[in-house]
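Working through the structure, step by step
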Amino acid sequence: MIWYFVVSLIPYLMYFNIKSKRVMHMYQQNRYHYDSYSNWLKNNFFSTFLTYDLVFLFFTLFMFINYKLSTIIFFVIYLILYFGYKLSFNKESKKPLVHTSRVKRMFFTLYLLLFVLMFVIFLVFDSYFINIYYLLLGFFVYLLYIIIMLVNLINKPIEKFVFLYYRNKAVNKLNNMKNMKVIGITGSYGKTSSKNIINDILNVKFNSFPTPKNYNTPNGLMLTINNYLDKFNDYFIAEMGACRVGEIKELCDLVHPTYGVLTKIGTAHLETFLSQDNIQKTKFELIESLPSDGVAVLNGDDELQLNYNLKNNVKILWIGIDNKNVDVYAEDIHLTNKGTTFTCIFKGDNNKYKFETKLLGKANVYNILSGIALGKELGISIDQLIYAVKKVEPVEHRLELKSVNGIYIIDDAYNSNPVGSKMALDVLSMMDGKRIIVTPGMVELGSEQNRLNEEFGQYMVGKTDEVILVGKKTTQYIYDGLKQSGFDMKNVYVINDVKEAFSLIKKLRENNTYVLLENDLPDLFSERS
């Protein structure tokens, strides 16, 4: 008789497997932080807890149904749940689950908990209590979003030991690379673009190595140091991300940068930083960690950098576009569908130098200026800098221009913030042709999110001809901002999935059409999640 029960568990385990991956994905996207994950659960309460999983309550009725029929019903229910869940989430994620060693350890603990439960059931198995067994199993899979936090707590001592092991290994390796200097890069946005631009510029003369992709956490930096750096590297360019006060300081204590680049200070992760003042202080943790002979590259157009009272004495190189009272600034910026050209002026040099790049927009000019300022400080000639900037390749999903079936796509899909999204709109507005923006709005902006999305909608007026909003709920305030500012609402389209946008674009296109993809949200924030 027990074999009926065993067979009935097959679709349950299939469903448990697919749902656990989804749960793990959400936990990873929240960077394994209890507070961030808890906030996500609160904001997505209905989509995580008021689901078909509640069908497990039906198993109480199995006490009135015979044993064989109960096993058949259980089998069919979880088979349906499995295929339903698979269809619901069978879409490519911008940030897919990464099966890191930590994730694998968490999966091991999660499955261990499940098999302990199943072992106890088999140990005391009595067909008379079939409804109790099914209730326990159903309750377990229903609570996976909560259980994952328990798994993280159980694994905490192991994770701490693993972290210390790899940290000590990275520190020892850096200590043995005395000729290599570290360049730290942080800011509310533009970190990855700036990192790649500076790397391309420095490599015309030196052997520099940047953190891959968006490896900007302690684990990401340690992985890069332990697995990629070698004795031939002159510079290690470390991207530094943070969601909380003190996190940049932690990264600096690990790699001890000599040079620091601060892109711009915005409102990204305001929900976890809690205030603009905390964001400002945290970003300057990089600059205040530099040694006395260190060099900082700061943005003279950023009031939050200009008005900060720096607590250490390092050499500062100021860059700017609007502010001409800086060390390096750009003027005569021109944009085409081939890229950007600008003139660069150095303090104390009466000459003007013409630069051209494949990259688009003012934001990228700032990033290039940081690379030019730092490169010149390190001894790279002007001619080498001009050559290097011309060869810089766009970073994927960051104002990346590409042509698809005769339509120019400005791909700024990676992650949106109030300043960056406006800069992307400025890029779109400078294009000569039909202009369309596709966006699901901005997230992770705490209590300011609704207001900032409304301002985003207001800023679109005059910058774009058509607006495609993805997700009625998340874009409501953008819609309101457009309406309040007098935008022609006949040219505003609200859809449920970004995939629907492309068929709509085909209908709206003209001979010369530019489409700005602004913030293609990961599954973490999707209304269908």
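Refer to the structure above for everything that follows.
Values in this document were obtained by computation on a predicted structure and should not be read as measured data. Along each chain, residues carry numbers from 1 onward, in the same order as the chain's sequence is written. Only residues with pLDDT of 70 or above have their local features reported here, since the model is predicted, and side-chain atom pairs are shown and tallied only from 80 upward, although totals for entire chains, interfaces and linings are computed over all residues. Note that water and hydrogens are dropped before the side-chain values are worked out from all heavy atoms of the structure.

**Considerations on unusual backbone geometry**
Short version of the rule: Strands here are runs of E lasting at least two residues and helices are runs of H or I lasting at least four, both read from the DSSP assignment and numbered beginning at the N terminus. Think of it in three bands: with a 1.4 Å probe and only protein chains considered, a residue is buried below 20% of the maximum accessible area for its type, exposed above 50%, and partly exposed in between.
Positive phi is not limited to glycine here, since aspartate 332 has a value of about 55 degrees. Here aspartate 332 lies in strand 7 (residues 328-336). Take aspartate 332: its relative accessible area is 47%, and that puts it in the partly exposed class. In this model, asparagine 405 sits at a positive phi of 50 degrees, which is unusual for a non-glycine residue.

**So, empty space enclosed by the protein**
As a reminder, the rule being used: In this analysis, the protein atoms alone were mapped onto a 1 Å grid. Cavities are point sets where a 1.4 Å probe fits without being able to get out; pockets are open sets with protein on both sides within 12 Å along at least five of seven lines; lining residues have an atom within 4 Å of a point. Grid points are joined across faces, edges and corners, and a volume is the space filled by probe spheres set on the points.
Tallied over the full model, the rule gives 2 cavities of 30 Å³ or more. Roughly 40 Å³ of internal volume is contained in the largest cavity. Around the largest cavity, the lining residues are Ser193, Asn196, Ile197, Leu359, Asn364, Val392, Glu393, Pro394, Val395 and Arg398. Per-element tally for the lining of the largest cavity: the top contributor is helix 8 (residues 191-202), with 3 residues.

**Observations regarding the packing of helix 7 (residues 144-175) against helix 9 (residues 218-227)**
Keep this limit in mind: Axis definition: a line fit to C-alpha positions, over the contact stretch in the case of helices; interaxial angles, taken between N-to-C directions, run 0 to 180 degrees. Our angle categories are set so that under 35 degrees counts as roughly parallel, over 145 as roughly antiparallel, 65 to 115 as roughly perpendicular, and the remainder as oblique. Rotating anticlockwise by less than a right angle from the far helix to the near helix defines a left-handed crossing, while the corresponding clockwise rotation defines a right-handed one. By definition, residues are in contact when any of their heavy atoms lie within 4.5 Å. Residues are grouped as follows: nonpolar covers Ala, Val, Leu, Ile, Met, Phe, Trp, Tyr, Cys and Pro; charged covers Asp, Glu, Lys and Arg; every other residue, Gly included, is treated as polar.
Between helix 7 and helix 9, the shortest axis-to-axis distance is 9 Å and the interhelical angle comes to 50 degrees. Between helix 7 and helix 9, the angle is such that the two are oblique. Along this stretch, helix 7 crosses helix 9, giving a crossing that reads as left-handed. Residues Phe163, Tyr166, Arg167, Lys169, Ala170, Lys173 and Leu174 of helix 7 touch helix 9, and the partners they reach there are Pro218, Asn219, Met222, Ile225 and Asn226. Tallied by class, residues from the contact of helix 7 with helix 9 come to 7 nonpolar, 2 polar and 3 charged.

**Quick word on the packing of aromatic side chains**
Selection criterion: Stacked, tilted and edge-to-face are the three classes applied to pairs of Phe, Tyr and Trp rings, where Trp contributes its six-membered ring and a pair requires centres within 6.5 Å; stacked means planes under 30 degrees apart, edge-to-face means over 60, and tilted covers the rest.
Applying the stated criterion across every chain yields a total of 41 aromatic pairs. Summarising the aromatic geometry, the rings of phenylalanine 49 and tyrosine 142 are spaced 6.2 Å apart at their centres and angled 65 degrees between planes, so their arrangement reads as edge-to-face. Of the two residues, phenylalanine 49 is situated in helix 3 (residues 45-49) and tyrosine 142 in helix 6 (residues 130-142); the sequence distance between them amounts to 93 residues. Using a relative accessible area of 8% as the deciding quantity, one classes phenylalanine 49 as buried. Classification of tyrosine 142 as buried rests on a relative accessible area of 11%.

**Some remarks on the pairing of strand 9 (residues 352-357)**
Note the following rule: Strands are treated as partners if at least two bridges between them are detected by DSSP.
Side chains Tyr353, Phe355 and Thr357 project from strand 9 onto a buried face, and the interleaved Lys352, Lys354 and Glu356 project onto a face without burial. Where strand 8 (residues 339-346) meets strand 9, 6 bridges bridge the pair, whose relative direction is antiparallel. By the bridge assignment for strand 9, isoleucine 345 is matched with lysine 352. Hairpin connection of strand 8 to strand 9: 5 residues between the antiparallel strands, including glycine 348 at a positive phi of 85 degrees.

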